[in-house]
Amino acid sequence: LLPPRLRPKLSGGRASLSTAMLPLELERHTSRLHCGCFQLGYRRFQDSVAGVARRAEISRQHRQRFQSQDAVEADRVYKTSAHSYPSAKLAAMLKTTFSDDGRCKQGEVGLKEDQARAVFEMFGPNRITPPAKENRWAKLLRMIFGGIFNVLLWMCVLAMVALLTLFQGSSESDDKLTPILLSVILIATAVLQWYTEMLAEDAMEAMQRMQGDKPVPTVRRSSVGFRVDMQLDVVNLVPGDVIFLESGDRVPADVRILHCTDGMQVDNSALTGESMPETRVANTESDVLPPTEARNLAFFGTTVQKGSATCVVHATGDNTFLGKVAQSIAASHVRSTLEVQVEHFVHFIAVVAVVAGLISLVANVARHATFGQTIHYSAATLFSQVPEGLLPTVTITLMLASKEMVKRKVLVRKIDAVETLGCISVLCSDKTGTLTKGEMTTQDFVVPVGAAPIAKMSDLVVVSREQGSASFPQERIGLCEQIVLCGMLNNGAQVRQGDGGEQLWTGSPTDVAISKACAEVYGGEHSLEYITKSPQNNKVWEIPFNSENKWMLTVHGQIASGEVRAILKGAPDRVLSLCTVDDKARTVIEGHMKNLMTDARRVLAIAQRSITAPPPKLQGTNASDCNFPMRDFDFVGLYGIDDPPKEGVDTAVVKAINAGVKVVMVTGDHPNTARAIAKRVNILGGDSVVGDEDFAVITGDQLHGRMPKAGNFTDDEPCANVTWWTKAVTHARVFARVSPIHKQVIVQAYQRYGYGGLGDICAMTGDGVNDAPALAKAQIGIAVHGATDAAKSAGDIVLTKDGLSPIYTAIQISRRIFKRLKSYVIYRICITVQVVFFLATLALFYDLRFKALYIILLALF
């Protein structure tokens, strides 16, 4: 049916097409197939294996237009142009269809089912490829025969066996116990270490074993073009699928928003580190805007906090932003401090053993021993210097320490990390979800004093949570009556009881924060239901928050009564513009706003007024078109909202600093927010100004020009870069507005330029996908409680308790273990050297020919 130049060449069941113009040529050619038999043949061809492969290749070619043309770069960097295409062009590129309004609630929209199967064949399931996992038994063999210390011991065993074979039948060949003993020690030690790490891996798998994602509402078209609404499993989504998202849903793939409700918000904190939810829109964005900053895209793994949307999938699996971050995690193994120290120790022992063997050789030659006796006893003396007891001692000690850490809520995935943790000199920590709770909380109410209008007042009073109890002071709650009541009424948050009896809140994070705080002050969650269901508080009209108005209006009461109350909440400048305040009062309010913003608070204002003789039907969408007065509101107060530090973090930071560990915040959040939180948790204190540049807080913009050219720091770095990074790792305490790649480079900088140029032993804590590359790069990666699967997989240690206090406890345990191991090593070296040189000296004057086993037993007892 097709001309030769258009026939697909099948290779392994997939089509290989030589021209990018195939879709146009194919359409031009098939338009000539008007005869019924030709049309039937062509449809059969479409349903054949070759047809599926051909269409899959076409889809792949279209899909590649979204990605970088550089294949190497595309594997590591997330690039897409989906945010910059109008919906019509996007539909053509993805070979799908949308409705004109973008809602896609009616009509034949989405991919055809046979198309979807073809695309699925090309791109595979919508899941991120997990990191390659070493086979359990291969890992056991590596632990038995791998490592420089094990290699040294096995060489001794092989040499002893060779000597036994060489002098078989002589008196020198009766020492068969020594190689057997060493072999048993080696195998038993490896099995112990392997068993401990397998227990940790099993615990990790149990922690990650979660309920699967709920099916996604999707719309497709049947083979004959009819609309098919379905609930599709996440793994079966493909580029071009039209899906529907609601508040609380997890975004199942990278999607372009076709239509969304006003004020839709998405929580991107796991990807960007931003504590505040981000607003989404359906408008086409500029092609120069980075995809991560495009407001019409939502990314795999994030959560819809508010609103609903109709979206089209443009990337799945490893092609998503989350997938690219997972691929960027360094596969190279970062050597632990224990490995480095063992290597140095082995070199030292090798020198001592060779010297002892040479002394024994000289002594036996001087005593005129036979050739066989000389070789046998010299080798026995050399082999006996290898501290075969070190390996089981270290392994058992670390294993016991890891069990103790598990009791302290610290799960050790790699047993070497127990020792390395005690050596860290820098602890780099993410902010959102690690140092802070990761949820918005109302910290302050700013209210007028007394009952007089604010226009006649000279000051406001701030009612803040108490530091110790994190609750509002009881003696000042009476001042908050109006702001609390208005906050509960003008609110879109809802609370319901969960399966376990707990309170579950839904809605915008800011609304939830305000509603929680107001309910707490008023008497608990049940007071919210009591207040909102009261007849005088009945909601009769609402203008939801949107990005244009930047406020939310609710009207309460009974219209038939002739008077209702309007409550206005939103951005302070917009709310104040509709209030009756004089210049003096405005100056006072703006002063309090500035103070709250300095403390990294998000500030919202609230106001109210009475409406007498309201119209029977309230109408309007903004301040200018409402059919009731939208001016002369009375200012009620301000809310100060932030993401507060976790309980005990400030104390844990002080303990870590006193223990000689420098604590550094590395976050994607705003510099002002990061600075304020760093001060509250005792990370930021003194002046860190070096020259003309403030090194206390360094932003991502400052890092752009300081990034290493090769991705890693080398000896060829420009002197200016080396100087700058040396000052940065010495003085900086906060890195803000940084990307995942920045975090990785910051860890490398500490490892190379820290500790006076010797390099710091660096630990990195985090919970989000954006932390995973840095967790993998650090000597110790610590995934905190509640971390994402990506962070847990990249970490060496996983905290099973909230806060940083388990880290300090683990550091104490690790340092105690390190002191014990150090004492043991020093003891073994002293004993071994003393015994060997004592026996070697005696051998010069007496006929002493100890077997290796005797020397080992003498050293032990």
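All chains use their own residue numbering, which begins from 1 and follows the written sequence. Whole-chain, interface and lining totals are the exception, using all residues; otherwise, since this is a predicted model, local features are given only for residues with pLDDT of at least 70 and side-chain atom pairs are given and counted only at 80 or more. Each side-chain value is derived from all of the structure's non-hydrogen atoms; neither hydrogens nor water enter the calculation.

## Quick word on the overall build of the protein chain
Then step 1. Secondary structure is summarised from DSSP: a helix means a run of H or I of at least four residues, a strand means a run of E of at least two, and numbering begins at the N terminus for each. Along the protein chain, the regular secondary structure elements total 29 helices and 30 strands.
Then step 2. Every one of the 861 residues in the protein chain was classed for burial, and the buried ones make up 52%.
Then step 3. As presented, the protein chain carries roughly 39800 Å² of accessible surface, and 55% of it is formed by carbon and sulfur atoms. To sort residues, take the accessible area from a 1.4 Å probe on protein chains only and compare it with the maximum for the residue type: under 20% means buried, over 50% means exposed, and anything in between is partly exposed. Residue exposure ignores everything except the shown protein chains as possible cover, and the areas themselves are Shrake-Rupley values with a 1.4 Å probe.

## Some remarks on unusual backbone geometry
Then step 1. Here the phi dihedral of A613 falls at roughly 50°; this positive angle occurs in a residue that is not glycine.
Then step 2. Along the chain, A613 falls in the loop between strand 21 (602–612) and strand 22 (634–642).
Then step 3. Of note, Y755 is a non-glycine position whose phi angle comes to about 55°, a positive value.
Then step 4. Summarising the element assignment, Y755 is placed in the loop between helix 25 (740–753) and strand 28 (762–766).
Then step 5. When its relative accessible area of 57% is taken as the criterion, Y755 is described as exposed.

## Focus: the packing of aromatic side chains
Then step 1. Two aromatic rings, drawn from Phe, Tyr or Trp (for Trp, its six-membered ring), form a pair once their centres lie within 6.5 Å of each other, and the interplanar angle then sorts them: stacked below 30 degrees, edge-to-face above 60, tilted otherwise. With the rule as written, the count across this model stands at nine aromatic pairs.
Then step 2. Between F695 and W724 the ring centres are 5.8 Å apart and the planes differ by 45°, which places this aromatic pair in the tilted class. With a gap of 29 residues between them, F695 in the loop between strand 25 (693–694) and strand 26 (697–699) and W724 in helix 24 (residues 719–731) connect regions that are remote in the sequence.
Then step 3. An aromatic cluster is defined as three or more aromatic residues linked by ring pairs; in this entry it consists of F695, F713, W724, W725 and Y753.

## Considerations on the state of the cysteines
Covalent bonding between the sulfur atoms of two cysteines is what defines a disulfide.
Then step 1. Cysteine sulfurs are considered disulfide-paired once they come within 2.5 Å of each other. As enumerated under the stated definition, the model contains zero disulfides in all.
Then step 2. Between C480, a free cysteine, and C518, which holds the nearest cysteine sulfur, the sulfur-to-sulfur gap is 8.9 Å.
Then step 3. A residue is classified by how much of its surface remains accessible, and C480, at 1% relative accessible area, is buried.

## Digging into the sheet that holds strand 9 (residues 297–298)
Then step 1. The criterion for strand pairing is that DSSP finds at least two bridges linking the strands in question. Judged by pairing direction, the sheet is antiparallel, and its six strands sit side by side in the order 4-3-5-11-6-9 without closing on themselves. Every other strand in the sheet has two partners, leaving strand 4 (227–232) and strand 9 as the edge strands with one partner each.
Then step 2. Between two residues, a contact is recorded if the distance between any of their heavy atoms is within 4.5 Å. Angles run from 0 to 180 degrees between N-to-C directions of axes, and those axes are lines fitted to C-alpha atoms, restricted for helices to the stretch in contact. Contacting strand 3 (216–221) and strand 4, helix 6 (residues 113–123) runs over the sheet at an angle of about 115° to strand 3.

## What to know about a nonpolar patch on the surface
Then step 1. What goes into a patch is any residue over 30% in relative accessible area without a salt bridge, connected to like charges within 9 Å or, for nonpolar side chains (Val, Leu, Ile, Met, Phe, Trp, Tyr), within 5 Å. We define a salt bridge as a side-chain nitrogen of Lys or Arg found within 4 Å of a carboxyl oxygen belonging to Asp or Glu. Together, L177, I180, L181 and V184 make up a nonpolar patch on the protein surface, roughly 350 Å² of accessible area in all.
Then step 2. Of note, L177 is situated in helix 9 (residues 177–208).

## Quick word on the environment of M160
Then step 1. Take M160: it is sitting in helix 8 (residues 148–166).
Then step 2. Each C-alpha atom, one on M160 and one on T178, is 8.0 Å from the other, the two residues being 18 residues apart in sequence.

## Focus: the pattern of salt bridges
Then step 1. All chains considered together, the criterion is met by 15 salt bridges.
Then step 2. One salt bridge in this structure joins D642 and R680, with 2.6 Å as the shortest N-O distance. Of the two residues, D642 sits in strand 22 while R680 sits in helix 22 (residues 671–680), which places them 38 residues apart along the sequence.
Then step 3. Relative accessible area serves as the criterion here: at 2%, D642 is assigned to the buried category.
Then step 4. R680 gets classed as partly exposed once you look at its relative accessible area, which sits at 31%.
Then step 5. Look at the salt bridges and you will find they share partners, linking D444, R601, D642 and R680 into a network.

## Here's the deal with the pairing of strand 14 (residues 441–448)
Then step 1. Taking burial as the measure, the eight residues of strand 14 include eight buried ones, the bulk of the element.
Then step 2. Bridge analysis of strand 14 against strand 22 gives five bridges, and the strand direction is antiparallel. Across the sheet, residue T442 finds its bridge partner in strand 22, namely I641.
Then step 3. Pairing of strand 14 with strand 15 (residues 460–464), which is carried by five bridges, proceeds in the antiparallel orientation. Across the sheet, residue V446 finds its bridge partner in strand 15, namely V462.

## Considering the nonpolar core
Then step 1. Buried Ala, Val, Leu, Ile, Met, Phe, Trp, Tyr and Cys residues that are joined via side-chain atoms within 4.5 Å together make up what is termed a nonpolar core. Counting residues in hydrophobic clusters, the biggest one holds 51 residues, and the most contacted among them are L398, M405, L421, M665, I683, I782 and I797.
Then step 2. The biggest single contributor to this core is helix 28 (residues 805–843), with eight residues.
Then step 3. Listed in part, the 35 residues of the second largest apolar core include W725, V729, I746 and V798.

## Describing the confidence of the model for the protein chain
Then step 1. The predictor attaches a confidence to each residue, called pLDDT, with possible values from 0 through 100. Looking at the protein chain, the pLDDT average stands at 77 and 77% of residues meet or exceed 70.
Then step 2. By mean pLDDT, strand 2 (residues 14–16) is the weakest element of the protein chain at 35, and strand 5 (residues 242–245) is the strongest at 94.
Then step 3. Low pLDDT (under 50) marks residues 1–74, which in the prediction has 90 contacts with non-local residues, meaning those over four places away or in another chain.

## Here we look at the pairing of strand 21
Then step 1. Most of strand 21 is tucked away, with eight of its 11 residues classed as buried.
Then step 2. Across seven bridges, the pairing between strand 21 and strand 22 is antiparallel. Residue pairing for strand 22: A607 is matched across the bridge by F635.

## A word on the environment of M597
Then step 1. Relative to the helices and strands, M597 resides in helix 20 (residues 583–598).
Then step 2. Residue class for M597 comes out partly exposed when judged on its relative accessible area of 43%.
Then step 3. C-alpha of M597 to C-alpha of A676: the two residues are 79 residues apart in sequence and 9.4 Å apart in space.

## Points about the sheet that holds strand 10 (residues 303–306)
Then step 1. Read from one edge of the open sheet, three strands run 8-7-10, paired in antiparallel fashion. If you trace the sheet from one side to the other, it starts and ends with strand 8 (278–279) and strand 10, each paired once.

## With respect to the packing of helix 16 (residues 481–489) against helix 17 (residues 509–522)
Then step 1. Running from amino to carboxyl end, helix 16 crosses helix 17 at an angle of 130°, the nearest separation of the two axes being 9 Å. Accordingly, the angle class assigned to the pair helix 16 and helix 17 is oblique. Here helix 16 runs over helix 17; the crossing is left-handed. Judged by residue contacts, I483, V484, G487 and M488 of helix 16 engage I514, C518, A519, V521 and Y522 from helix 17.
Then step 2. Under the scheme applied, nonpolar residues are Ala, Val, Leu, Ile, Met, Phe, Trp, Tyr, Cys and Pro; charged residues are Asp, Glu, Lys and Arg; polar residues are all the others, including Gly. Its residues placed into classes, the contact of helix 16 with helix 17 shows eight nonpolar, one polar and no charged. Small angles under 35 degrees read as roughly parallel and large ones over 145 as roughly antiparallel, with 65 to 115 read as roughly perpendicular and the rest as oblique. Crossing handedness is read from the near helix: turned anticlockwise from the far helix by less than a right angle, it gives a left-handed crossing, and turned clockwise, a right-handed one.

## Points about helix 22
Then step 1. Listing the buried residues of helix 22 in full gives P671, T673, A674, A676, I677 and A678.
Then step 2. Here the buried face of helix 22 lies against helix 20, strand 23 (662–666), strand 26 and strand 27 (734–736).
Then step 3. Within two residues after helix 22, N682 carries a phi angle of roughly 70°, on the positive side.

## Describing the packing of helix 24 against helix 25
Then step 1. Orientation of helix 24 relative to helix 25, taken along the N-to-C sense of each, is 95°, at an axis distance of 10 Å. Between helix 24 and helix 25, the angle is such that the two are roughly perpendicular. In this structure, helix 24 uses V722, W725, T726, A728 and V729 to contact helix 25, whose residues at the interface are V745, I746, A749, Y750 and Y753.
Then step 2. For the contact of helix 24 with helix 25, the class distribution of residues is nine nonpolar, one polar and no charged.

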